[in-house]
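Summary of the model geometry
The residues making up each chain are set out below.
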Amino acid sequence: MTSNQVLSEVDYRVVGKRPIRPDGVDKVTGRAQYGADVYPAGLLHGKVLRSPHAHARILSIDTSKAEAHPGVLAVVTGSDFPLASLGKEADGYQRLKSATDHIMASDKVLFKGHPVAAVAASDPHVAEEAIQLINVVYQELPPVTNVLEAMKDGAQLLHDDQHTAYLGELSEKPSNVAAHLFFEKGDVEQGFNEAEIVVEREFSTETVHQGYIEPHSSTAFWNANGQLTIWCSTQGSFMIRNSVSDVLRLPVSQVKVIPTEIGGGFGGKITAYLESVAAVLSKKCSQPVKLVMTRSEVFEASGPAPGSWMKVKMGATKDGRITAAHVTLAFEAGAYPGSPVMPGTTCSLACYDLENGRVEGYDVVVNKPKTAAYRAPGSPQAAFAVESVLDEICEKLDLDPLEVRLKNAAKEGTRRVEGPVARKIGLVECLEAAKSHDHYQEAVQGKSRGRGVACGFWMNRGFQSSVTMTVQYDGTISLLMGSVDIGGTRASIAQQTAETLGIDYEDVHPTVVDTDSIGFTFVTGGSRTSFATGLAAIQAGEDVKEQMVQRAARIWDTPPEDVEYADGVLRHRSDPELQMGFKDLAKQLGTTGGAITGRSNIDPAGEGNGYAVHVVDVEVDEETGKVDILRYTAVQDAGKAVHPSYVEGQMQGGVVQGIGWALNEEYFFDGKGQMMNPTFLDYRMPTSLDLPMIDTVIVEVANPGHPYGVRGVGEVPIVPPMAAIANAVHRATGVRMSSLPMSPGKVLEALWENGK
């Protein structure tokens, strides 16, 4: 069953349509080049030796046997990185140590799979044999793999020199808590005193992985002239360049990163894991070196989303008005500080217009791989806790859950707890669309079935983007951009270009280029690309239009102010006989001054917040605890859906990942910090057989910060599912699940504990 629809405010000629994606042919015919497809001349194959322990000191590393093994051309350890030659008093030493140790341990290993050495050999099998010959002597230490255990006084420390940062001060004693965040608005205690009902609950979630199909891969060639070239699967070629430049102490001008096609990322392919290692191996052997992770290495040694512990206290009046909320989030950062607890805190209460709110966050290191972004990082966990408590309040007051959310919904002018004030946003419109949808209007039928709803928020991002476009003599546009294409952004940027220039979409030819060929461009992530790189394309298009006007004025021997450009046609303002189309003028460029190139380098504000409302029906088998998704509807404000098919795909994909997070997915660790399910066979992700078709409703409340009203869409869809499903499970069974995933065993135990 599908009911995909777009509730549109404005119609455009190209923006909002569904053209064929420019990269489609290469991908369906197998010609597209992904990370592991790179084979420069003289290529060697690398392999990384990884720690079998979650926490241990490295006492010694002997690489002599590996170096003597036939076919091995280079072996590296932490001592081969620039950090080893820096004194501890050097500026930025501690930051550089964390950055370097993450990719190649020097004195301690902090998670199972932590790299300790690497080899380059004639083929992958020789490399595999060689790393087994490296002898590492460890002193094992007790691992800490749970956020609450890590926060306790007396817990085993991962970093002896780490102190908690809180309101500009550092704690006296070392701690696994890297940071304590605090935001407050109004008088929270007074708000609870005004409440007629108060609910306080604790929640927890487990570590989960983004689940991209293509593993991490990187090929590096450090040329004799000092120039380093890297080919890799990444969401941000400039982020990789900066990371490699930092760790290897090279000027950015000596590092060229060529992004390949990317087989999924969802935030997990921003961090540089293999690039610097491949580079140092290449420098040692003077040949290109390729490193490709296995699936187990991806699970154990790349960045998943964090496990969490959360507590939410919320008060409301009998008519459902929220009077106060206090949210506490403790997120696992993994081995090094930097969990997404900051965005978690900013997103937790952002759907609601509160007078009184307090949010606290804790960034906590544990003996797991360092966390990375995963689609709206921090927001899904926070929404699970907040939306569950709000649902319980609705149930206890016997109020409609969408009506209560409408009563409290954030709107233009709402100030969030941490400070920012909303511009024009579409949460109310999303709630109204969900309320009027036939899914919500139809009653839930059947035993052990229930319906859940939840809201979600992501702030969206701007950041730097660069675009250049050249008018070819046949009237087509060569469009160069630094944004890697994950979900169809070649198409969305080309559409905005065509709309701006008033030409056909098919006449715009977009290309993603390397770091030497375009200005700095931030990552494809944070729901920023169609907005920010789209804006860059619009500005570059305006540059082209201005130059085309000047060129037409030269041809007509008239001042430029006498020429106007509209809908791809240039006209003389007072002489109707003087006009020519875009292609007609392009044909004359070669004889009237040469090609025209437009360019834009921007760092835009006005990204526009994103909101979503989800409705889900579930059925719970009370004999097995299995939860089946019967129907799912996702409503989201896209501002303006540049390519509605891709927006629907983002919405549906986010929902599916959220369903996996809610019901099945988790890193399962034993007592020694070893992940016991590092394969797709044992790490249970949903397949098409587990899911219904996801219905989508695109709401378009134009973002005033973009000429076509565009908002980012990639992050928000993963935020509501866990809470919506948990709320549906409660409505179906009377049991409220406070721990994810809601796997059959957990649900069954909860049913037993409640006498079901």
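The structure contained in this document is the topic of the report that follows.

Calculation notes
- Residues numbered from 1 in each chain as written.
- Predicted model: local features only at pLDDT ≥ 70, side-chain atom pairs only at ≥ 80, totals over all residues.
- Heavy atoms only, no water.
- Pairing = 2+ DSSP bridges.
- Helix = DSSP H or I, 4+ residues; strand = E, 2+ residues; numbered from the N terminus.
- Axes fitted to C-alpha atoms, helices over the stretch in contact; angles between N-to-C directions.
- Contact = heavy atoms within 4.5 Å.
- Buried < 20%, exposed > 50% of the residue type's maximum accessible area, 1.4 Å probe, protein only.
- Core = buried A, V, L, I, M, F, W, Y, C linked by side-chain atoms within 4.5 Å.
- 1 Å grid on protein atoms, 1.4 Å probe; cavity = no way out; pocket = protein on both sides within 12 Å on 5 of 7 lines; lining within 4 Å.
- Points joined across faces, edges and corners; volume = space filled by probe spheres on them.
- Nonpolar A, V, L, I, M, F, W, Y, C, P; charged D, E, K, R; others polar.
- Parallel < 35°, antiparallel > 145°, perpendicular 65-115°, else oblique.
- Left-handed = near helix turned anticlockwise from the far one by under 90°.
- Salt bridge = Lys/Arg side-chain N within 4 Å of Asp/Glu carboxyl O.

Re the sheet that holds strand E23 (residues 563-566)
One open sheet accounts for 3 strands, arranged E23-E24-E25; its pairing is antiparallel. Two strands lie at the open edges of the sheet, namely E23 and strand E25 (579-581), each paired on one side alone. Between one strand axis and the next, the sheet turns by 15° as a mean value, whatever way the strands run. Across 4 bridges, E23 lies against strand E24 (residues 569-572) in antiparallel orientation. Residue pairing across strands places Val563 opposite His572, the latter belonging to E24. The strands touched by helix H16 (residues 529-556) within the sheet are E23, E24 and E25, with E23 carrying the most contacts at an inclination of about 135°.

Topic: the sheet that holds strand E17 (residues 322-334)
Strand order in the open sheet made by the 7 strands is E9-E8-E10-E18-E17-E16-E11, with mixed pairing throughout. This sheet does not close on itself; its edge strands, each paired only once, are strand E9 (169-174) and strand E11 (197-205). Averaged over all neighbouring strand pairs, the angle between strand axes comes to 10°, with direction disregarded. Relative to strand E10 (residues 177-185), strand E8 (residues 163-166) runs parallel, the two being bridged by 2 bridges. Across the sheet, Ala165 pairs through a bridge with Ala179, a residue of E10. Across the sheet, helix H10 (residues 341-348) lies against E10, E17 and strand E18 (357-365), angled at about 160° from E18, the strand it touches most. Running at roughly 145° to E11, helix H11 (residues 379-397) makes contact with E11, strand E16 (308-316) and E17 of the sheet.

Focus: unusual backbone geometry
Pro741 follows Leu740 through a cis peptide bond whose omega is 0°. Here Pro741 shows up in the loop between helix H19 (721-733) and helix H20 (744-753). You will see that Arg375, though not glycine, has its phi angle at about 40°, which is positive. One can find Arg375 in the loop between E18 and H11. Given a relative accessible area of 6%, Arg375 falls into the buried group.

Considering the nonpolar core
Counting residues in each nonpolar core, the largest one holds 106 residues, and the members touching the most others are Leu427, Val618, Tyr632, Ile725 and Met742. Considering every element that reaches this core, the biggest residue donor is H11, with 10 residues. Of all hydrophobic cores here, the second largest spans 39 residues; its members include Val467, Ala494, Val549 and Val563.

So, empty space enclosed by the protein
This model, assessed by the stated rule, comprises 8 cavities of 30 Å³ or more. Lining the largest cavity are Val48, Arg50, His102, Ile103, Phe111, Pro115, Tyr273, Leu274, Val277, Met293 and Ala301. Sorting the residues of the lining of the largest cavity by element identifies strand E2 (44-50) and helix H3 (93-103) as the ones contributing at least two each. Its residues assigned to classes, the lining of the largest cavity comprises 9 nonpolar, 1 polar and 1 charged.

Topic: the packing of H10 against H11
In the contact formed by H10 and H11, the axes pass within 8 Å of each other and the chain directions differ by 40°. In terms of axis orientation, H10 runs oblique to H11. H10 and H11 meet at a crossing whose hand is right-handed. Residue-level contacts link Gly344, Cys347 and Ser348 of H10 to Ser379, Ala382 and Val386 of H11.

A closer look at the environment of His69
When you line up the elements, His69 lands in the loop between helix H2 (64-68) and strand E4 (72-77). Once residues lying within four places of it in the same chain are set aside, the contact partners of His69 are Val126, Glu129, Ala130 and Leu133.

Some points on the pattern of salt bridges
Applying the stated rule across the entire model yields 46 salt bridges. The salt bridge partner of Asp543 is Arg599, with a shortest N-O separation of 2.5 Å. Pair noted here: Asp543 is in helix H16 and Arg599 is in strand E26 (residues 596-602), with a separation of 56 residues, a long-range link. By relative accessible area, Arg599 is classed as exposed at 51%. Via salt bridges that share partners, Arg201, Asp391, Glu392, Glu395, Lys396, Arg731 and Arg736 belong to a single interconnected network.

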